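# Reading the structure
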2 protein chains.
Amino acid sequence: MTESIEKPRTPDQLDTITQALNSGMFVHVRRMLQQMRPGDVAWLLESSPSPSRKVLWQLIDPDEYGEILEELSEEVRDGIIRLMDPEKLAAALEDMESDDLAYVLRDLPEQLFNQVLTQMDEQDRQRAKQALSYPEDTAGSIMNTEFITLRADVSIDVVLRYLRLHTELPEGTDTLYVVDQHNRLLGDISLASLVVQDPATTVADAMDTQVEAIPLAMSDTEVANLFERHDWLSAPVVDDDYQLLGRITIDDVVDIIREEGEHSMMGMAKMDDDEDTFAPVLTSARRRSIWLTVNLGSALLAASVSNMFEETLSQLATLAILMTIVPSMGGIAGNQTLALVIRGMAVGHIGDSNARWLLTKEALVGLFNGLLWAVMVAIVVSLWKGSWEIGLVLATAMFINLSVAGLAGAAIPLVMRKLNIDPALAGSMALTTITDIVGLFSFLGLSTLILLH
Amino acid sequence: MTESIEKPRTPDQLDTITQALNSGMFVHVRRMLQQMRPGDVAWLLESSPSPSRKVLWQLIDPDEYGEILEELSEEVRDGIIRLMDPEKLAAALEDMESDDLAYVLRDLPEQLFNQVLTQMDEQDRQRAKQALSYPEDTAGSIMNTEFITLRADVSIDVVLRYLRLHTELPEGTDTLYVVDQHNRLLGDISLASLVVQDPATTVADAMDTQVEAIPLAMSDTEVANLFERHDWLSAPVVDDDYQLLGRITIDDVVDIIREEGEHSMMGMAKMDDDEDTFAPVLTSARRRSIWLTVNLGSALLAASVSNMFEETLSQLATLAILMTIVPSMGGIAGNQTLALVIRGMAVGHIGDSNARWLLTKEALVGLFNGLLWAVMVAIVVSLWKGSWEIGLVLATAMFINLSVAGLAGAAIPLVMRKLNIDPALAGSMALTTITDIVGLFSFLGLSTLILLH
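Cut-off values and rules
Residues numbered from 1 in each chain as written. Chains lettered and ligands numbered in written order. Predicted model: local features only at pLDDT ≥ 70, side-chain atom pairs only at ≥ 80, totals over all residues. Heavy atoms only, no water. Phe/Tyr/Trp six-rings, centres within 6.5 Å; stacked < 30°, edge-to-face > 60°. Helix = DSSP H or I, 4+ residues; strand = E, 2+ residues; numbered from the N terminus. Buried < 20%, exposed > 50% of the residue type's maximum accessible area, 1.4 Å probe, protein only. Least-squares fit on C-alpha atoms with pLDDT ≥ 70 in both. Contact = heavy atoms within 4.5 Å. Buried area = accessible area lost by both parts, 1.4 Å probe. Salt bridge = Lys/Arg side-chain N within 4 Å of Asp/Glu carboxyl O. Polar contact = N/O pair within 3.5 Å; in protein donor to acceptor, adjacent residues only side chain to side chain. Pairing = 2+ DSSP bridges. UniProt positions renumbered as here; feature names shortened; annotations may be inferred. Domains from an automatic or database assignment. Patch = residues over 30% accessible without salt bridge, like charges linked within 9 Å, V, L, I, M, F, W, Y side chains within 5 Å. Areas by Shrake-Rupley, 256 points an atom, 1.4 Å probe, with all protein chains shown as cover. Axes fitted to C-alpha atoms, helices over the stretch in contact; angles between N-to-C directions. Parallel < 35°, antiparallel > 145°, perpendicular 65-115°, else oblique. Left-handed = near helix turned anticlockwise from the far one by under 90°.

According to the stated counting rule, one finds ten aromatic pairs over all chains in the structure shown. Centroid distance Phe278 of chain A to Trp357 of chain B: 6.0 Å. Interplanar angle 50°. Geometry classified as tilted. Note that Phe278 of chain A is positioned in the loop between helix H16 (250–268) and helix H17 (281–307) and Trp357 of chain B in helix H21 (residues 352–385), a pairing that runs across two chains. According to the relative accessible area criterion, Phe278 of chain A is buried, its value standing at 0%.

Structure follows, in structure tokens:
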């Protein structure tokens with residue numbers, strides 16, 4: 001019987017299907033797709049260049065559409081939804097959990113959204129409207145409303161008999177919730193705890209009452225941090241009156257953590273984390289032009305600083321050769337601090353009480369680095385250019401710029417958070433602009449003062 | 001009874017404890033710590049400046065040490081372990097799951113490692129040695145060996161009675177494994193499925209035989225991708241003979257996904273993702289000096305390119321003012337592509353079959369961006385400097401550099417992967433060096449050819 005146990009699919013197998021597809025062996029591909037799980041098919045679609053996706057989608061069994069759509073990233077899903085007519089889409093969405101349903105519906109263009117809603121049966125439509133009523137990125141928007149509740153006064157034996165009336169429990173069920181007659185949460189009991197209980201015990205005696213319930217309005221990143229900190233598999237969501245409204249499961253939390261990581265990483269590189277890896281050329285180029293425009297502005301600003309010192313530069317061309325060193329080091333040092341603070345804020349380590357400590361520490365790191373690299377660069381450049389005066393100017397500018405970089409790297413994300421600006425996206429550009437300007441101004445300014453007089 | 005349901009702790013509450021600590025209200029702090037879960041205490045320690053951590057650790061109940069150590073990040077844990085004597089440490093490690101035990105032990109200095117091992121009882125020592133025998137970052141190193149197995153021929157009723165012999169199931173149990181007499185995996189049955197089965201059914205009839213089992217040597221990032229793709233809560237780990245060796249649980253996968261995200265983000269900013277946010281100044285400065293050194297090398301290399309054109313620069317100071325624009329744009333455009341490819345590789349979207357497609361696409365994006373920004377910058381600079389010739393030179397250099405940036409941004413991570421170099425750390429520095437050199441060389445070289453003759 002062991003034969004049915006499979007080793008998981010790995011990226012190598014991607015190549016097999018892609019080759020079959022490219023050779024036009026559609027029947028073969030269709031058969032392979034039928035044997036794949038929805039998650040694997042979604043992964044295959046995301047790994048395929050945009051033209052292949054259309055062909056693949058035609059070869060997939062329409063019964064699987066819903067489960068596959070659920071697993072796709074926003075960008076890829078949008079492209080595929082445009083291939084479907086509203087009826088098929090409505091049918092595909094029927095079996096989705098409420099949070100996933102809202103997630104897909106939220107991104108639809110308005111006309112399609114209305115068409116799909118009209119095609120749904122009344123119950124699904126109500127469910128969709130309810131799920132859509134919670135603000136995006138809150139606990140409400142990622143909870144699902146399918147879960148099992150118990151009363152406290154029944155015995156475990158009765159619970160087990162009640163559960164056997166189901167053919168299956170709602171997806172991802174690991175815990176049952178105990179509520180009073182007003183649907184207020186009293187406690188919970190995990191399946192792992194349920195199955196070791198004496199059948200005669202009552203739910204009241206067996207349940208865990210030390211439950212942390214998520215408020216409806218908590219932000220999804222804070223929810224993710226809580227899951228991570230407590231190793232939860234699921235958590236109940238309540239309103240202000242402790243009424244049980246839904247349940248958040250770890251699979252959605254994993255998606256949030258992944259997306260957050262990608263957002264910060266891509267943000268550091270001035271990329272929209274929604275960008276589909278295999279999007280068409282023009283789509284990609286357009287998406288990236290925003291930050292290239294901002295950067296051109298920043299680069300022109302830096303150039304206008306140098307422009308103030310045209311006279312100095314024309315007298316001493318060596319300065320032009322050396323003037324990129326200080327801004328470059330400042331950019332790196334500042335971004336290091338910036339990344340540290342952004343990570344600290346993302347995992348909830350930085351509150352008002354320790355922000356000042358951190359700011360002081362990073363300013364000191366900047367001062368220390370400034371001293372260290374001032375000495376280093378002074379030695380190297382004095383030897384290279386045979387002038388200790390140029391070395392001195394460069395060292396002083398380096399010290400100033402790295403000190404500013406440390407302070408700015410810590411201050412920018414803290415200030416941006418207060419202003420509700422996302423530091424993962426805008427922080428690094430703001431920082432580099434500062435370190436470029438301060439670096440050029442201090443180096444060329446000091447050169448003008450010291451070397452030309 | 002609802003009173004015992006708590007709202008989760010948020011960063012605001014951090015401030016309360018920190019203030020109490022700073023005011024020397026130790027008894028009060030100790031009482032607050034007693035009411036906190038291990039995950040919350042770990043989070044408090046990680047959010048505290050290094051001097052406060054020592055004080056906090058003294059106030060924590062030693063019975064909680066093990067569970068707290070498990071939740072701490074490597075850097076913070078190392079600092080705290082240095083405060084503990086080997087006996088206490090051995091005692092704290094006793095109750096850990098095998099994978100967490102190996103995780104903590106692996107990082108200990110050799111002398112302390114041996115001392116701790118000597119202090120352990122025989123059974124724990126064997127367990128530790130076994131767990132340590134699997135290479136780091138493989139499925140083996142993150143699996144734990146505490147799980148429940150069943151035989152196929154018994155009835156569900158017997159299983160339930162067997163489970164009731166336990167006071168509790170191993171941590172994170174959501175699935176029971178069915179094995180034959182050689183401990184080979186035959187299938188599994190989730191607790192959610194177990195509780196809805198008719199008690200008279202046999203395990204053989206109830207179990208799921210379509211199980212994907214993780215090979216022992218699979219990399220932990222691939223394991224994480226599988227969990228994410230299939231929404232698993234746990235997965236069995238087998239050897240080549242399908243013998244069941246362990247079980248990976250989602251809590252460890254969440255840590256891997258979080259760490260990977262931090263690694264890529266911090267890597268883009270040239271930061272070691274192990275760096276503790278609240279480390280002392282000198283520790284931080286030392287950790288960051290490696291990439292600052294590398295960057296100084298890269299900046300000097302760029303300066304030596306400009307140095308080749310000293311004559312040109314001394315004749316036309318305007319060139320010095322404008323020469324930073326092209327490298328800056330190339331760096332941004334290249335890093336955008338780099339980030340996209342690194343993310344694609346991390347989630348397993350990029351195999352041999354689509355790498356060429358992606359490389360071509362990104363080269364085309366580079367060409368297109370190059371054209372677009374060449375025109376933009378030519379217009380802006382021609383107007384600013386009143387010379388269409390300088391505009392033309394800048395435009396040509398921009399086109400060359402952005403084309404190279406697109407190609408290099410895609411090629412660098414693909415090549416680095418083949419060479420087993422981590423592109424998240426080294427990729428961005430390699431790329432910036434290329435775009436700086438190509439940008440300066442093409443701009444100053446073309447200027448020398450066109451403007452000076």
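Text resumes after the structure shown.
So, on to the relation of the copies chain B and chain A. In this structure, two copies of a chain are linked by a rotation about an axis accompanied by a shift along it. Here chain B sits on chain A after a turn of 180° about the axis and a move of 0.0 Å along it, with an RMSD of 0.1 Å. Seen this way, the second copy is the image of the first under a two-fold rotation axis. Residue by residue, 100% of the interface of chain B is reproduced at the interface of chain A, so both copies engage with the same surface.

One frequently used descriptor of interface size is the decrease in accessible area upon assembly of the parts. The partner chain A presents 146 residues to the 146 residues of chain B that form the contact. In this assembly, chain B packs against chain A so that about 13,600 Å² is buried in total across both faces, 64% of it on carbon and sulfur atoms. At the junction of chain B with chain A, the criterion picks out twelve salt bridges. A salt bridge links Glu362 of chain B to Arg288 of chain A; the shortest N-O distance between them is 2.7 Å. The interface formed by chain B and chain A includes 43 residue pairs in polar contact (both at pLDDT 80 or more). The element contributing the most residues to the side of chain B that touches chain A is helix H17 (residues 281–307) of chain B, with 17 residues.

All names here are of chain A. Overall, mixed pairing links the three strands, which are arranged S1-S2-S3 in an open sheet. One side of each edge strand has no neighbouring strand; the edge strands of this open sheet are strand S1 (149–150) and strand S3 (185–190). Judged from the two bridges that link them, S1 and strand S2 (residues 175–179) form a sheet pairing that is parallel. By the bridge assignment for S2, Leu150 is matched with Val178.

As annotated in UniProt, the feature "domain: CBS" (unreviewed entry) corresponds to residues 207–265 of chain A in the numbering used here. Secondary structure content for residues 207–265 of chain A is 46% helix and 22% strand, and the end C-alpha separation is 42 Å.

A few words now on the domain arrangement of chain A. Annotation of chain A at the domain level lists domain 1 (2–134), domain 2 (149–249) and domain 3 (281–451). Taking only C-alpha atoms into account, the centre of domain 2 of chain A sits 51 Å from that of domain 3 of chain A.

Where nonpolar side chains cluster on the molecular surface, the patch consists of Leu282 of chain A together with Phe368, Leu372 and Met376 of chain B and spans about 330 Å² of accessible area. In terms of residues, the nonpolar patch owes the most to one element, H21 of chain B, which gives three residues. Note that Phe368 of chain B resides in helix H21. Phe368 of chain B sits in the partly exposed class, given a relative accessible area of 34%.

Another point: unusual backbone geometry. One non-glycine residue, Tyr242 of chain A, lies in the positive phi region at around 60°. Among the secondary structure elements, Tyr242 of chain A is positioned in the loop between strand S5 (234–238) and strand S6 (244–249). Backbone geometry places Lys270 of chain B, a non-glycine residue, at a positive phi of 60°. Structurally, the position occupied by Lys270 of chain B is in the loop between helix H16 (250–268) and H17.

On to helix H8 (residues 98–106) of chain A, then. In an α-helix, one turn spans 3.6 residues, which is why side chains three or four residues apart end up on the same side. Counting buried positions along H8 of chain A yields seven of nine residues, so the element is predominantly enclosed. Every buried residue belonging to H8 of chain A is among Ser98, Asp99, Asp100, Leu101, Ala102, Val104 and Leu105 of chain A, and all of these are buried.

This next bit is on the UniProt feature "transmembrane region" (unreviewed entry) in chain A. Taking the numbering used here, the UniProt-annotated feature "transmembrane region" (unreviewed entry) corresponds to residues 290–309, 315–342, 363–384, 390–416 and 428–452 of chain A. As annotated, residues 390–416 of chain A has a helix share of 100% and a strand share of 0%, and its two end C-alpha atoms lie 37 Å apart.

Attention now moves to the environment of Asp85 of chain B. Residues and elements named next belong to chain B. Tracing the backbone shows Asp85 in the loop between helix H6 (74–81) and helix H7 (86–93). Remark: the alpha-carbon pair of Asp85 and Gln115, spanning 30 residues in sequence, is separated by 9.4 Å. At a separation of 3.0 Å, a polar atom in the side chain of Asp85 contacts the main-chain amide nitrogen of Lys88.

Before going further, it helps to spend a moment on the packing of helix H20 (residues 325–346) of chain A against H16 of chain B. Running from N to C, H20 of chain A and H16 of chain B cross one another at 155°; their axes reach a closest spacing of 9 Å. Between H20 of chain A and H16 of chain B, the angle falls in the class roughly antiparallel. Helix-helix and strand crossings are classified by hand; for H20 of chain A and H16 of chain B the assignment is right-handed. For the pair H20 of chain A and H16 of chain B, the contacting residues are Ala339, Leu340, Ile342 and Arg343 of chain A in the first and Glu262, Met265 and Met266 of chain B in the second.

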